[in-house]
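Structural overview for review
Residues per chain are reported as follows:
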Amino acid sequence: MSEPFGALRQQLVEAATAFAGSPGAVPGILSGIVDDVDRALREELEIFPVCHHSPASALAMVRRLREKQPKVIYLELCEDLAPLLTELRNCRLPVALQAFASELDTFPKDWGPLSVIAPITEASAEYQAIAYALETPGVELVLVDRSTDHVFQWQPRTSGASGEEAPADAEPSGAGSGVAPSEADASDAEDAGALHGDAVGIEIGDLRPRFAELETHLLHHGKVRHWSEWWDQYVEQPLVDADYATYRQVMVLIGSLFRRLAPSDTDRVTVDEDRERYMWTRMREHLATSGVDRADCLYVCGAFHAASRVEQFGTGPDAAPFEISPRTATKWLYGLIPSSHSAIEGQFGLASGSVSIAAATWAKAVSRSKLATFQLEGQRGSKKKPARPAAAPVEAAPVADQLTQFLASPPDLHGFDEEELLGWSVDIVRLARRNGYLASTADAIAVFETSILLAGMRNRARPTPYDFQDAAVTCIEKDVVPGRRDVRRLCEILLGGDRVGQVGYEALPPLARDVYDRLAPIGLDLRKNTVQRALLDLNGQPELVPCSHLLWMLRYLLPDGAVRPIMGSRRLGERSVQESWDLSIGKHQRYIIELGYEGVTVEQVVERRLRRSVYAPDATAAVALRAVEDSILFLGSRRFTDELGARAVELLAAERTVDDAPDVLRRIRRLLAHYRSTEPELPSWCASFVTTGYAHYCTLLPTAFVDDETGVRQVGAMLGFLFTMEGLALSLGCDRAQLELAVRQSHPESPAKVALLWAAQHQLGLLPLADLRARCADLLGNPLVVPTFPQYLSGFVQALEPVPKLAAFVVEVMSDAFAHLPDPVLLPWLPTLITTLRDQAGELVPVLIREAGRTFPGSLPAVDAWVPPWTAAAPAPGAAAHGGGALGGLGDLVGGGDGFGPGSERWDAAVPVMRLLAGHPSAANGVAGLLGIPGAGGESPGWSDLELLAAPAGPGQASAAGSAGPGPSAVRALLADHPATGEALEALLAVR
């Protein structure tokens, strides 16, 4: 057997031995690399090693396909993605093949949804092979890599689902740029880089050192910043115009080097070897069933896999068998999604702009070499090149050593293209001026000269795009970025930009096509990647109402930025007359395509998501109520809404915490108001929710008051539910005694919760307002309690939710605190008060402000003469024995008290009350009847007596009043048995 690489092997071993000083591992590695090259080239099935998105690989593929004209192409790509390849005709590259699964079997549930991405660009060897196979009659394309199901079957269960194919030392975007990108630029790059989501990437032809020290060594001695620049300088440029034999041997050599210097105990190496066994097994199976000659086949794989040493390598009869495990029952869905240069860079860990530079290198090389590349018929986004007539296949030449000459001679790069560099320098200055830079012709000259200088310092025969970028940043940007884009980003735009692909209408799933069809009446081209403004006049153009409905559903389903309402809203009980939208559907096409994996129509996807949300393990009653609201807004299905409502009742009854009580209260109030205004009666689930919630919160109330982990806001929301829903709950059969018992059993210690309890007791009639006022006065008078008084105030503010009538009292308490506390106490207290109100009661502060606006005078001069209403209503000295104030005087009138008569101070205070009772006898009789006072059902003569007493004094009227006697028995009993009612009426009259 001839040894074409014998001389090279001997040279490398001798050099390694001399370098190391003694035989060791280095000579063995170098001789093993030559053995790997020899083994790959001796295989009868021709192996074509590639690097993903490499212009050199794509050019070599074009040349080899036109020379060999193979009948079968075996491609390293997931075998179940084959049906998608024909849909590439309807797309504008770059796009990505995607397999998606949300219904998992066997795989851990926290992995879902599963997604596998394989991007395709025109400047890649894979696309050239696909286009050749699909456009050439009689050529078969066979995908031989593991299925997407096996991708996750072989995934280590301890590492999670994402990132298995991503390199561990991936370069960050903009690595080594020296200047941070602007905020807007970073946002654009982030949006474009997110096109692939967090999917696992299939790295066809991934070629990068897996030994960190080796990569660091190469970057240091190559005088480059990142791996992409090293690859372009030392591999891409020398191989762009190399002959096929040299290209093939060099690529296998690099793949073998990186393989032998990679860690041997990693899970990734094990997966790679299983992939190689899988692919060789599939190729042998196809050769056996099809009967095709191996000489007419071409195996396209990554250079790393071309240097494989597994026992299944080759198509000979002595290859070891490999058992392929069956797929799981996971349901996989397939489609095409848009891709971009930045998304590919993020997936493969390449430097920012490297794929754009590769695309520019590809275009320049094709133009220079006059090669007729392969392209799918009807391909969007590029011009159709004239096809050359098929030439006769070239017989394979015997393997000859091309590596010795390639490694021994310096790279034969093209001469310095002064015209190209000069054009770049002029164009970057023009682009910089458009973006706000103060650039001039002098800067263009500086960029030109600096590029040449940097290339010389880095031992390069000619400036590369990376040298040009560094020179432009140094000469133009300096230290200021005046606009949205920095100079490095402008260089990327100049050299090709971040091209974003698009999936054609014919290749879209049914749901995505339905979305485009239903939005057609808007009259916009939704395929554009720009943001477009849509104006909808729903009254003048009723045909746009379905479009509006669809846009609101897409707003619910898609991420922020895809559809954004500018004017108009969608809430219960509201209907927009006009709407304005910012639409960016073309830019977010990937998300609409993935919606097609979940259902046939948008409505079906909304229903499935709502049902999934309420039956999720972490679902709560608040989540279910939100789903009910969304169901009403988007679907309008009464049956489905009732199903979600019944689930909300179940979740509320099963909850053991009250963390979501504020959200529950807000949503159930909104839903009850909606049903009361639109339905003749409440749905059964609403009634059940109110009764269940009433009993549930009554049961948890004593515990919530003393639990330190339950906040004041949550307890206030519980009381708000109990008090605001009390009337409905009692009408549905609940017992008010349950609430009273719950309040009596509550014994909080936190100041805020104590204030809440006092408010609840006042609402239930257990704590009169006078006693509540007295307790607050005691707190302000106790120097030990004053520092914690803001917490009490916080509780009172939270009590405005369940007891809104306390707003005037809270204003009174705060006013008294500001009036009576000394400055040494008040000033340190103010920051605590402000932060407490902001953090715990932000939405209730406006209620206090409105109440204060009604209480305090509206002009500055009126402040000096203003008397607080709670001070004006204070009882006169000595009136406590009679109940105090106006009603105390009225009690004296009825009971015949001493010192009470026309002209006295207490008489004048009682006159408004007497006139009120006399002027509205029916209301007073009704109250008396409810209290069970006998004789109050008709027109009682007692009220006319009151009217007589309250009449203006006239001649002889004083003696009549003095002989009025004790008054009617009904009035005397009413006021004597219910003094609290009289005091409340007195305070009301005093305030008014």
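The next point concerns the overall build of the protein. For the protein, the count of helices and strands is 44 helices and 11 strands. By residue count, 50% of the 992 residues in the protein fall in the buried class. Looking at the protein alone, contacts between residues at least 24 apart form 76% of all its contacts between residues at least 6 apart. A total of about 44,500 Å² of accessible surface is found on the protein, and carbon and sulfur atoms cover 56% of it.

Our focus in this paragraph is the sheet that holds strand β2 (residues 72-78). One open sheet holds the 4 strands; their spatial order is β1-β7-β2-β5, and the pairing between them is parallel. The open sheet has two edge strands, β1 (46-50) and β5 (140-145), and neither has a second partner. The sheet shows a mean angle of 30° between the axes of neighbouring strands, direction not considered. The pairing of β2 with β5 spans 5 bridges and is classified as parallel. Along β5, the bridge assignment pairs Y74 with V142. The sheet strands contacting helix α3 (residues 55-68) are β1, β2 and β7 (297-302), and the helix crosses β1 at an angle near 160°.

On average, residues of the protein carry a pLDDT of 78, and 75% of them reach 70 or more. Contacts for the low-pLDDT stretch residues 947-968, under 50 throughout, to residues beyond four places or in other chains number 23 contacts.

With their axes 11 Å apart at the nearest point, helix α31 (residues 769-781) and helix α33 (residues 807-820) run at an angle of 25° to one another. It follows that α31 is roughly parallel to α33 by the angle criterion. As for how α31 packs across α33, the hand of that crossing is right-handed. The residues of α33 that touch α31, namely those facing L769, L772, R773, C776 and L780, are F809, E812, V813, D816 and A817. In the contact of α31 with α33, the residues fall into 7 nonpolar, no polar and 3 charged.

A word on the sheet that holds strand β10 (residues 563-567). Taking strand neighbours across the sheet as the criterion, the 3 strands line up as β9-β11-β10 in an open arrangement whose pairing is antiparallel. The open sheet is flanked by β9 (532-537) and β10, the only strands paired with a single partner. Adjacent strand axes in the sheet meet at a mean angle of 25°, parallel and antiparallel pairs treated alike. As paired elements, β10 and strand β11 (residues 578-583) share 4 bridges and run antiparallel to each other. Each residue of the ladder has a partner; that of V563, found in β11, is L583.

Let's shift gears to unusual backbone geometry. A cis amide bond, omega 5°, links L93 with the succeeding residue P94. Phi at Q69 is positive, roughly 50°, even though this residue is not glycine. Notably, T106 is not glycine yet its phi reads approximately 80°, a positive angle. Tracing the sequence through the fold places T106 in the loop between β3 (95-101) and β4 (114-120). Relative accessible area serves as the criterion here: at 56%, T106 is assigned to the exposed category.

Before going further, it helps to spend a moment on a negative patch on the surface. Where like charges cluster on the molecular surface, the negative patch consists of D659, D708, E709 and E749. Inspection of the secondary structure puts D659 in the loop between α24 (638-654) and α25 (661-678).

This part covers helix α4 (residues 125-135). Of all 11 residues that make up α4, 9 are buried, and the element is covered over most of its length. Among the residues of α4, those classed as buried are A125, E126, Y127, Q128, A129, I130, A131, Y132 and A133. Summarising the contacts, the buried residues of α4 are in contact with β1, α3, β2, β4, β5 and α13 (354-369).

Overall, the coordinates contain 46 salt bridges when judged by the stated rule. Between E311 and R277 there is a salt bridge; the shortest N-O distance is 3.5 Å. Linking E311 in the loop between α11 (303-306) and β8 (333-338) with R277 in helix α10 (residues 267-290), this pair joins segments that are 34 residues apart in sequence. Given a relative accessible area of 45%, E311 falls into the partly exposed group. Of the residues examined, R277 reaches a relative accessible area of 14% and is grouped as buried.

Here we come to the packing of aromatic side chains. For the structure shown, the criterion picks out 21 aromatic pairs. Centroid distance Y697 to F721: 5.2 Å. Interplanar angle 75°. Geometry classified as edge-to-face. Taken as a pair, Y697 in helix α26 (residues 684-706) and F721 in helix α27 (residues 712-724) lie far apart in primary sequence, 24 residues in all. For the pair Y697 and F721, one class covers both residues: buried. One aromatic cluster is present, built from ring pairs that chain together W758, F789, Y792, F796 and F809.

Looking now at the pairing of β3. Among the 7 residues in β3, 7 count as buried, and that is most of the element. Where β3 lies against β4, 7 bridges are found, and the strand directions are antiparallel. Of the residues in β4, the one forming a bridge with F100 is S115. Bridge count for β3 against β8 is 6 bridges, and the pairing is antiparallel. Its bridge partner lying in β8, A99 is registered against Y334.

The next point concerns the environment of H696. Locating H696 in the fold gives a position in helix α26. Under the relative-accessibility criterion, H696 is labelled buried at 9%. Other than its neighbours up to four places away in sequence, H696 contacts L652, A653, E655 and R656.

Conventions used here
Residues numbered from 1 in each chain as written. Predicted model: local features only at pLDDT ≥ 70, side-chain atom pairs only at ≥ 80, totals over all residues. Heavy atoms only, no water. Helix = DSSP H or I, 4+ residues; strand = E, 2+ residues; numbered from the N terminus. Buried < 20%, exposed > 50% of the residue type's maximum accessible area, 1.4 Å probe, protein only. Contact = heavy atoms within 4.5 Å. Areas by Shrake-Rupley, 256 points an atom, 1.4 Å probe, with all protein chains shown as cover. Pairing = 2+ DSSP bridges. Axes fitted to C-alpha atoms, helices over the stretch in contact; angles between N-to-C directions. pLDDT = per-residue confidence, 0-100. Parallel < 35°, antiparallel > 145°, perpendicular 65-115°, else oblique. Left-handed = near helix turned anticlockwise from the far one by under 90°. Nonpolar A, V, L, I, M, F, W, Y, C, P; charged D, E, K, R; others polar. Patch = residues over 30% accessible without salt bridge, like charges linked within 9 Å, V, L, I, M, F, W, Y side chains within 5 Å. Salt bridge = Lys/Arg side-chain N within 4 Å of Asp/Glu carboxyl O. Lys, Arg positive; Asp, Glu negative; His and termini not counted. Charge placed at Lys NZ, Arg CZ, Asp CG, Glu CD. Phe/Tyr/Trp six-rings, centres within 6.5 Å; stacked < 30°, edge-to-face > 60°.

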